[in-house]
Every structure is written in C-alpha cells, then in structure tokens.
Amino acid sequence: MPCPATVRKQMMRMPSAYQSVLEKVLMVDQILSEFYLTKEELKDVMRRMQREMERGLRLETHDEASVKMLPTYVRSTPEGSEVGDFLALDLGGTNFRVMLVKVGEDEERGWKVETKHHMYSIPEDAMTGTAEMLFDYIAECISDFLDKHHIKHKKLPLGFTFSFPVRHEDLDKGILLNWTKGFKASGAEGNNVVGLLRDAIKRRGDFEMDVVAMVNDTVATMISCYYEDRSCEVGMIVGTGCNACYMEEMRTVELVEGDEGRMCVNTEWGAFGENGELEDFRLEYDRVVDESSLNPGHQLYEKLIGGKYMGELVRLVLMKLVNEDLLFNGEASDMLKTRGSFETRFVSQIESDTGDRKQIYNILSSLGVLPSELDCDIVRLACESVSTRAAHMCAAGLAGVINLMRERRCQEELKITVGVDGSVYKLHPRFQDRFHKVVWELTPNCEITFIQSEEGSGRGAALISAVACKMASCVIAP
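Residues numbered from 1 in each chain as written. Predicted model: local features only at pLDDT ≥ 70, side-chain atom pairs only at ≥ 80, totals over all residues. Heavy atoms only, no water.

Novice: Help me understand the sheet that holds strand β11 (residues 262–266), please; the structure alone is not making it clear to me.
Specialist: The strands making up a sheet associate through backbone hydrogen bonding, with each pair oriented either parallel or antiparallel. Strand order in the open sheet formed by six strands is β1-β11-β10-β9-β12-β13, and the pairing between neighbours is mixed. Only two strands of the sheet have a single neighbouring strand rather than two, namely β1 (70–71) and β13 (446–452). Looking at chain direction, strand β10 (residues 242–249) and β11 are connected through five bridges and run antiparallel. Across the sheet, the residue bridging to Met 247 is Cys 264, located in β11. (Pairing = 2+ DSSP bridges. Helix = DSSP H or I, 4+ residues; strand = E, 2+ residues; numbered from the N terminus.)

Novice: Before we go on, may I ask you to explain empty space enclosed by the protein in this structure?
Specialist: Applying the stated criterion across every chain yields a total of two cavities of 30 Å³ or more. The volume enclosed by the largest cavity comes to roughly 50 Å³. Taken together, Thr 72, Phe 162, Phe 164, Val 166, His 168, Met 214, Val 215, Asn 216, Val 219 and Asn 266 make up the lining of the largest cavity. The set of elements that each furnish at least two residues to the lining of the largest cavity consists of β6 (166–170) and β8 (210–215). Lining the second largest cavity are Arg 282, Asp 286, Asp 290, Leu 300, Lys 303 and Leu 304. Breaking the lining of the second largest cavity down by element, the ones donating at least two residues are α8 (284–291) and α9 (302–305). Here the lining of the second largest cavity is composed, by residue class, of two nonpolar, no polar and four charged. (1 Å grid on protein atoms, 1.4 Å probe; cavity = no way out; pocket = protein on both sides within 12 Å on 5 of 7 lines; lining within 4 Å. Points joined across faces, edges and corners; volume = space filled by probe spheres on them. Nonpolar A, V, L, I, M, F, W, Y, C, P; charged D, E, K, R; others polar.)

Novice: It is not clear to me how a negative patch on the surface should be interpreted in this structure. Could you clarify?
Specialist: A cluster of acidic residues, Glu 60, Asp 63, Glu 64 and Glu 254, forms a negative patch at the surface. As for its position among the elements, Asp 63 is in the loop between α3 (39–57) and β1. On the accessibility criterion, Asp 63 (63% relative accessible area) is exposed. (Patch = residues over 30% accessible without salt bridge, like charges linked within 9 Å, V, L, I, M, F, W, Y side chains within 5 Å. Areas by Shrake-Rupley, 256 points an atom, 1.4 Å probe, with all protein chains shown as cover. Salt bridge = Lys/Arg side-chain N within 4 Å of Asp/Glu carboxyl O. Lys, Arg positive; Asp, Glu negative; His and termini not counted. Charge placed at Lys NZ, Arg CZ, Asp CG, Glu CD. Buried < 20%, exposed > 50% of the residue type's maximum accessible area, 1.4 Å probe, protein only.)

Novice: How do you make sense of the environment of Ser 352 when you look at a structure like this?
Specialist: Note that Ser 352 resides in the loop between α11 (344–351) and α12 (358–366). Taking the C-alpha atoms as reference points, Ser 352 and Arg 380, separated by 28 residues in sequence, lie 9.6 Å from one another. Ser 352 has contacts with Gln 359 and Pro 429, leaving out every residue within four places of it along the chain. (Contact = heavy atoms within 4.5 Å.)

Novice: It is not clear to me how the nonpolar core should be interpreted in this structure. Could you clarify?
Specialist: In this structure, Met 236, Tyr 246, Trp 269, Phe 342, Leu 398 and Phe 435 are the most contacted members of the largest nonpolar core, which totals 116 residues. Considering each element in turn, this core owes the most residues, 18 residues, to helix α13 (residues 373–408). In this structure, Met 127, Ile 138, Phe 164 and Val 193 belong to the second largest nonpolar core, which totals 42 residues. (Core = buried A, V, L, I, M, F, W, Y, C linked by side-chain atoms within 4.5 Å.)

Novice: How do you make sense of the pattern of salt bridges when you look at a structure like this?
Specialist: Pairing between side chains of opposite charge can happen when their charged atoms approach one another. Evaluated as defined, the whole model comprises 34 salt bridges. Residue Arg 434 is joined to Glu 351 by a salt bridge in which the shortest nitrogen-to-oxygen separation is 2.8 Å. A residue pair is termed long-range when its members are at least 10 positions apart, and Arg 434 in helix α15 (residues 431–442) and Glu 351 in helix α11 qualify at 83 residues. A residue is classified by how much of its surface remains accessible, and Arg 434, at 10% relative accessible area, is buried. The partner of Arg 380 in a salt bridge is Glu 384, and the shortest N-O contact between them spans 3.2 Å. Remark: Glu 384 and Arg 380 occur in helix α13; sequence separation between them is four residues, near one turn of the helix. Residue classification places Glu 384 among the partly exposed residues on the basis of a relative accessible area of 22%. One network of salt bridges, in which partners are shared, links Glu 233, Glu 249, Arg 251, Arg 262 and Arg 409.

Novice: Honestly, the environment of Gly 306 in this entry has me stumped. Any pointers?
Specialist: Position of Gly 306 relative to the elements: it lies in the loop between α9 and α10 (307–323). Look at Gly 306 and you get buried, because its relative accessible area is 1%. Placed 66 residues apart in sequence, Gly 306 and Thr 240 show a C-alpha to C-alpha distance of 5.2 Å. Residues contacting Gly 306, with those up to four places away along its chain left out, are Gly 239, Thr 240 and Gly 241.

Novice: Hey, could you run me through unusual backbone geometry in this one?
Specialist: Both trends apply: most residues other than glycine have a negative phi, and most peptide bonds are in trans. With a phi angle near 55 degrees, His 150 is a residue other than glycine that sits in the positive phi range. In this structure His 150 comes out as exposed when scored by relative accessible area, which is 65%. A positive phi is found at Gln 299, a non-glycine position, where the angle reads about 55 degrees. Mapping Gln 299 onto the fold places it in the loop between α8 and α9. Residue Gln 299 is classed as buried on the basis of its relative accessible area of 5%.

Novice: For this particular structure, what's the right way to read the side chain of Glu 351?
Specialist: In this structure Glu 351 comes out as buried when scored by relative accessible area, which is 4%. A distance of 2.8 Å separates polar atoms of two side chains, one belonging to Glu 351 and the other to Arg 434. (Polar contact = N/O pair within 3.5 Å; in protein donor to acceptor, adjacent residues only side chain to side chain.)

Novice: Just to check I follow, could you spell out the layout of surface pockets for this structure?
Specialist: Gaps left between atoms are located by rolling a probe of water-molecule size over the structure's atoms. Quantified by volume, the largest pocket comes out at close to 880 Å³. Around the largest pocket, the lining is made up of 38 residues, and of these Gly 92, Gly 93, Asn 95, Asp 217 and Thr 240 lie nearest the centre. Secondary-structure elements contributing two or more residues to the lining of the largest pocket are β2 (84–91), β3 (95–104), α4 (124–128), β10, α14 (423–427) and α16 (456–471). Sort the elements by how many residues they give to the lining of the largest pocket and α4 lands first, with three residues. Class assignment for the residues of the lining of the largest pocket results in eight nonpolar, 18 polar and twelve charged.

Novice: When you look at the pairing of strand β12 (residues 414–421) in this model, what are you seeing that I'm missing?
Specialist: Consecutive side chains along a regular strand alternate between the two faces of the sheet. Counting buried positions along β12 yields seven of eight residues, so the element is predominantly enclosed. Here strand β9 (residues 232–238) pairs with β12 via five bridges, running parallel. Bridge pairing links Met 236 to Val 420 in β12. Both β12 and β13 contribute to a ladder of seven bridges, which runs parallel.

So this is what it looks like as structure tokens:
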C-alpha cells in the first residue's frame, strides 16, 4: 500500500479512479494518525508516570495516587540452593493453573527447576458469584491436580500467584483492593486472599497445604527470570492486562518500616490515568471501551495496552471508518457491529499476514463482510495503529520505571534485565520490536536486556515459596 506522504505528489498525474482510492487512503490516514505519539509526547507520559510512582511510594500521598506502588514483602531473590517440591497456583485471568515445581541441584549450574502443570478454565458463575464459590472451585482444582499426580498425602509448601491489586501485610497475607479483568466475585474485596484460600481448603478437608507466599504475576515473572539472569530486577506482564514490578530502595518505600536493602514493589500501573493524567491522550474509542467495561473510570492505562481491550478498540476504529464510508462500501455486518466480536488474536493474525491478504480476508469473511483488497489493507493499518500505540505507551511506562531506578542508585549507567511474560508480548508479531525500540530510545543511560519468561507465573511463585521456606527453615517434603 502506498505511503500517504508520497501520495499527494502523485495524485495530479493519476486517472480519476486512482485519485478516489488515494483520497480514501489519505482520509483513513488522517483518522488513524490520532494513534501516533511523538517522542516528546512519550517522554511526557513517562514523566507523568514517574510523578504518580513517587506519590504512590509516599505515605502522605499514597491514598490518592493512581499508581499504588504496593510493597510485596519480597526482599530476597533465590540464590540457587533452595531445593524441594513446591506447589504453585496461578490465578490472573479466565484460566487457572496448578503446577508442581521440583527445585533440585544441578552439577553445572547449581540448581534445576522441573515443572508439571494443568490448566483449568474458570466458569463465569465462579468469576462473578461469591468469593466462597470462586475459592471452593480453586480448591476443587487443587484436589483434582493432587489426585492426578498421586501426591495428595503430601503437605507441600504452596506459592500463590494472584494477579490482582493486593495490599500486602506480609508475604503470606494480602488484602484484595479491587477486582480487575472481568472478575466480580462478591465478598473478596477488603479480605485476606490467602485466608480465603485456606478456608476453602479447610472446607474440603481432603488435603492439607501450607500457603507460604502470595505474589503478583509480575513479581513471579521477575523471580523466575532471575534464575536465568542475575541482573533481572524488573518484571512485566503484557497480556490480558498490563503491569510491572521492580526492586525499589527500601528508604523510599514509606509504607513499610526500615531503610536497609531493597524490596520488590508492585506498581499496579494499569490504574495510571485515574486522576486525569491520560485525558489528553485518550481517544473517542478509548472512552467507549471504558464506558462499556465492568470497571468504568478504572485501569485506564491498561485499557490502552492490554489484550482484553485491543480487539475491541480495533473494532470501534473499523466502525468509524465504515460510518465515514471509507471501508466495506459503508456497510458493516451485524457481527462487526457486535461488541467483542473482533478478538485480540485477530489483530496478531492480521499483522502476521504475509502480503497475499488471505489471512485478513478469511478473518473478515468470518465476521460477515466480503472485503476488497483495499479494505484488507485498511484493516491492517487500523490494527497496526492500535497495537503500535499500545507498545509505545507501554514502553513509556517501563522507561519511567528504569530511569527512576538509575536515579535512585546514583549510577551514570544502569545495566539491568527485564523479565517479560504475557500473550500480547509473546504472540503479537511486531509488539516486541516496537516496544523495545522506544524503551531504548527513552533510556539513553541504561543498558537493558529483555528476557521472555517461560512458565514464569507459576514457577516464580514456587521459587519465592522456596526462598520463604529456606528463610523460615520450613521442613520440605522429600
């Protein structure tokens, strides 16, 4: 498809049929240009993020800060000498994972980690019913997993990855602040999540479990990647939602007593924007997505980036183009008019198209429209605009975190590794490249390496459990 910048020069020399196509391209480009962010705008987002991070860390401004900067009580990282069998649970979306993690010794590297896991789908009524229903279902899944692996007789240390905003009071005690990602189970907010899990296990009565640690998925990812690279002090998730954690200097974490060393802080940056910090960046499509969500006015930064919202943003853009008579001859199918019909995986698939447009054509046909070649190209441009903005917005946030870490440590150059997990980061064909490029541009005094986490959420939770057990001298079942 021709570049809109060169089109204007060519239009006067072209037949009228071509001119109408090129005029359409220019009009499409004008609508999509709203998604483009300049380097200065991204620096502005980065600085605003840093201001809210500072407010979240301070006792006097924490309550009204949009970026809550929650202490995790994870102070130590694994050193490789923790051994034993651990159970890990991972709840962060519509799927729930139970994992058996065997941490053993290895002659070459000093340690090895083996995992076995099973995925369970969470029913809608458990997500939106009562806390008791949800945690009873989780306990049922654990029981099933223990049966499958013939380990019900063992009382294993358990690490729980719980990827929702939690105010920790200790490593194994955290109060759920609010549900996100479509969860609405009543009676959980304001309560200790580990207590809810322990109560559900007790109600079943067919197995025993020692819950020693609860962590966020970003923290679990960071710890899991630390096993691969000892410079990993940042964890990030870009999947259904979006969040990051990092090792902060204890002297700045005013919510926890003590000045020595570092503690992992869960930024909960998905809520950035709730005090109006993103108003001049949010577009009409973002406002519609927010208003029709389960939590309007909340998680506004996450709604610009996360996979839960990306497909719907593209659908709204396509509907705008249809209404402007720039796409599908001004006619949308009933399916395309339906909220949620354009899935985020379609965005990845469309941007993976090799150029023959077959993949794009098949997706659009499944949505009840018969596109022309130009329609296919326009749809691809719409997908690229939404996903590129997501990558760049996410990059501005991470650059803010890393630049702040460098300043805190008074280092001219910071060498650091970021562990990353999540379906958007892993599966979108161009997200990583666009994201990395902008992070590097916005952090000129940092040398940043990115590593992709494998089974990070579950494995990381188990490794934190291993560290907790070692520090508390747990007796681990052989």
